Amino acid sequence: MPNITQHFRHSDGVWPLTLVLAYILTSYIGGWLLMAQPGFLLPALGVIACGHGMVIAAYLVHDCAHNAIFRKTEHNSRLGKWLNWISGGSYGTYEDLRYKHMRHHVDNADPISFDYRAWLKAHPKTEKTVFTLEWFYIPAVDILMHAVLMVAPFTPIGNREHRKRAAAVLLARATVFAALAVWSLKAVLLYVLAYGLMLTVLRFFDAYQHNYEIVVNLHDPDAELPRKGDRDYEQNNTYSNLISRRWPVLNLLVLNFCYHNAHHARPTMPWYKLPALHNELFGDAYTRTVGMKGQLKSYHRNRIAGIYAETYGQVEVPEALREGKAVPVYGLSFLTAF
């Protein structure tokens, strides 16, 4: 009988992966079933379950992108592509998603190809709508970025070679949602809320994890970047935004993605090993660990300023958070390849 552990990057990875996949499937499918139920309470629980299942799927895609699960890249890619369908990032290719995220790690910057900030300024009516929606805590910027992901191959900013694939994905997902609507229109409408919940969680935990420069050079691998490969800069401008220090089990709500300095120190370390690695490398008194209270306060106060994030990369995040003045940054999710 073959030893399955030989396929894993870490020999103790079988059970963590089994459990997290079981949770994703149970919460996602169970969420859909609950959203179709009559009344309010069960559908509300379904929105939370479905949304959280997609959150965990997205963070597991992130581990796959770093080849943190399996030894072989092809095995990580297969799992990542499958999870990408659950998390809603399948409109773009997994390879493009991974390339963008690797640039983030190597360049010590946030490279993009579509500057939504410039685009919004050129379209004032849409800009006004985005500002209004963001005031109501609706993640309009990230909805825009995912919409761009869907249509990019049919526009000048995308890859024309991906048009057939994009059309096939759009058709497949539209067909599935149409069938689900026949089964339960209520569940499909509530899925929109679950998806919005996922986008909000992902962008909140992205908002204060870095203090990098945003550069519009994603498709220029030869671009000169002054901080490329600078490990000291990387750690000094990366922040671990733990949900809780006292009860670290709560950090599993985001699959330990919040141990971000440990992740950047060893990107191939899987999610379940990050808390121990964080303690080993940094301990409890680490100055690059920021509190949840300050993040929530700053996010609330500065959610509109985050649309353009004009001070991103220019302020010391822990100090700004303590004063409630830290501006979040939007539109940099690893689920979008633009």
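Here, the structure is the one placed above.
The numbers attached to residues start from 1 for each chain and follow its sequence in the written order. With pLDDT at 70 or above as the cut-off, local features in this predicted model cover only qualifying residues; side-chain atom pairs require 80 or more to be listed or tallied, and sums for whole chains, interfaces and linings still use all residues. Note: side-chain values were computed over all heavy atoms of the structure, leaving out hydrogens and water.

1. Notes on the side chain of N76
We count it as follows: The secondary structure listing takes helices from DSSP runs of H or I that are at least 4 residues long and strands from runs of E that are at least 2 residues long, numbered from the N terminus. Per-residue accessibility, obtained with a 1.4 Å probe over protein chains only, is compared with the maximum for each type, and a residue is labelled buried under 20%, exposed over 50%, and partly exposed between these values. Pairs of N or O atoms within 3.5 Å make up the polar contacts considered here, provided that, within protein, one atom can donate a hydrogen while the other can accept it, and that residues adjacent in sequence are counted only when both atoms are side-chain atoms. Whether two residues are in contact is decided by their heavy atoms, any of which lying within 4.5 Å being enough.
Relative to the assigned elements, N76 resides in helix 3 (residues 73-87). You can call N76 buried: its relative accessible area is 0%. Among the polar contacts made by the side chain of N76, one reaches the main-chain carbonyl oxygen of K72 at a distance of 3.0 Å. The contact partners of N76, leaving out residues within four places of it in the chain, are C64, N67, A68, I69, F70 and Y94.

2. Side note on helix 2 (residues 41-65)
To be explicit about the condition: One less than the number of residues in a helix, times 1.5 Å, gives the span that helix is expected to have.
Its 25 residues give helix 2 an end-to-end C-alpha distance of 36 Å, which sits within 8% of 36 Å, the value for a rise of 1.5 Å per residue. Across the 25 residues of helix 2, 19 count as buried, placing the element largely inside the fold. After helix 2 finishes, the residue N67 shows a positive phi value of roughly 55°.

3. Describing the environment of K297
Locating K297 in the fold gives a position in helix 13 (residues 292-301). On the accessibility criterion, K297 (38% relative accessible area) is partly exposed. Taking C-alpha positions, K297 is 8.0 Å from L321, a pair spaced 24 residues apart along the chain.

4. So, the pattern of salt bridges
Condition: Take a side-chain nitrogen of Lys or Arg and a carboxyl oxygen of Asp or Glu: if they are within 4 Å of each other, that pair is a salt bridge.
Tallied over the entire structure, the rule returns nine salt bridges. Two residues, E134 and R203, come together in a salt bridge whose shortest N-O distance is 2.5 Å. Taken as a pair, E134 in helix 6 (residues 124-135) and R203 in helix 9 (residues 185-207) lie far apart in primary sequence, 69 residues in all. Judged on exposure class, the residue E134 and its partner R203 are both buried. Among the ionic pairs, R288 bridges to E316, the shortest N-O distance being 3.0 Å. Separated by 28 residues along the polypeptide, R288 in the loop between helix 12 (274-281) and helix 13 and E316 in the loop between helix 13 and helix 14 (317-322) bring together distant segments of the chain.

5. Details of the packing of helix 1 (residues 14-35) against helix 3
The test is simple: Only the stretch in contact is used when fitting a helix axis, every axis being a line fitted to C-alpha atoms; angles between N-to-C directions are given from 0 to 180 degrees. Angle categories: roughly parallel below 35 degrees, roughly antiparallel above 145, roughly perpendicular from 65 to 115, and oblique for all the rest. When the near helix sits turned anticlockwise from the far one by under a right angle, the crossing is termed left-handed; a clockwise turn instead gives a right-handed crossing. Ten residue types, Ala, Val, Leu, Ile, Met, Phe, Trp, Tyr, Cys and Pro, are classed as nonpolar, four, Asp, Glu, Lys and Arg, as charged, and the remainder, Gly among them, as polar.
One way to put it is that helix 1 packs onto helix 3 with a least axis distance of 12 Å and a crossing angle of 25°. Considering their axes alone, helix 1 and helix 3 lie roughly parallel with respect to each other. As helix 1 runs across helix 3, the sense of the crossing is left-handed. Along the contact surface, helix 1 presents L17, L21, I24, L25 and Y28, while helix 3 presents L79, W82, L83 and I86. In the contact of helix 1 with helix 3, the residues fall into nine nonpolar, no polar and no charged.

6. Some points on the side chain of E234
Mapped onto the secondary structure, E234 falls in helix 10 (residues 231-236). Discounting residues that sit within four places of it in the chain, E234 has contacts with H105, N108, Y212 and H264.

7. Focus: a nonpolar patch on the surface
Formally: A patch consists of residues whose relative accessible area exceeds 30% and which take part in no salt bridge; residues with like charges are grouped when within 9 Å of each other, and nonpolar side chains (Val, Leu, Ile, Met, Phe, Trp, Tyr) when within 5 Å. The Shrake-Rupley method, run with a 1.4 Å probe, gives the accessible areas here. Residue values count only the displayed protein chains as cover.
A grouping of F40, L41, L42, L45, I48 and L197 is seen on the molecular surface, where their side chains present a nonpolar patch of about 610 Å² in accessible area. For the nonpolar patch, the element with the highest residue contribution is helix 2, accounting for four residues.

8. Some words on the environment of G306
Relative to the helices and strands, G306 resides in the loop between helix 13 and helix 14. Along the sequence, G306 and I143 sit 163 residues apart, while their C-alpha atoms lie 15 Å from each other. Ignoring anything within four residues of it in the chain, the contact list for G306 reads Y116, V327, P328, V329 and Y330.

9. What about the packing of aromatic side chains?
Put simply, the rule reads: For Phe, Tyr and Trp, rings pair up if their centres lie within 6.5 Å, where Trp contributes its six-membered ring, and each pair is then called stacked (planes under 30 degrees apart), edge-to-face (over 60) or tilted (otherwise).
Applying the stated rule across the entire model yields 17 aromatic pairs. The interplanar angle of 20° and the centroid separation of 5.1 Å between the aromatic rings of W32 and Y191 together place this pair among those described as stacked. Residue W32 is found in helix 1, and its partner Y191 is found in helix 9; the two are separated by 159 residues along the sequence. Given a relative accessible area of 7%, W32 falls into the buried group. By relative accessible area, which is 7% here, Y191 ends up buried. Taken together, a centroid distance of 5.3 Å and an interplanar angle of 75° make the contact between F204 and Y299 edge-to-face. Of this pair, F204 sits in helix 9 while Y299 sits in helix 13, placing them 95 residues apart in sequence.

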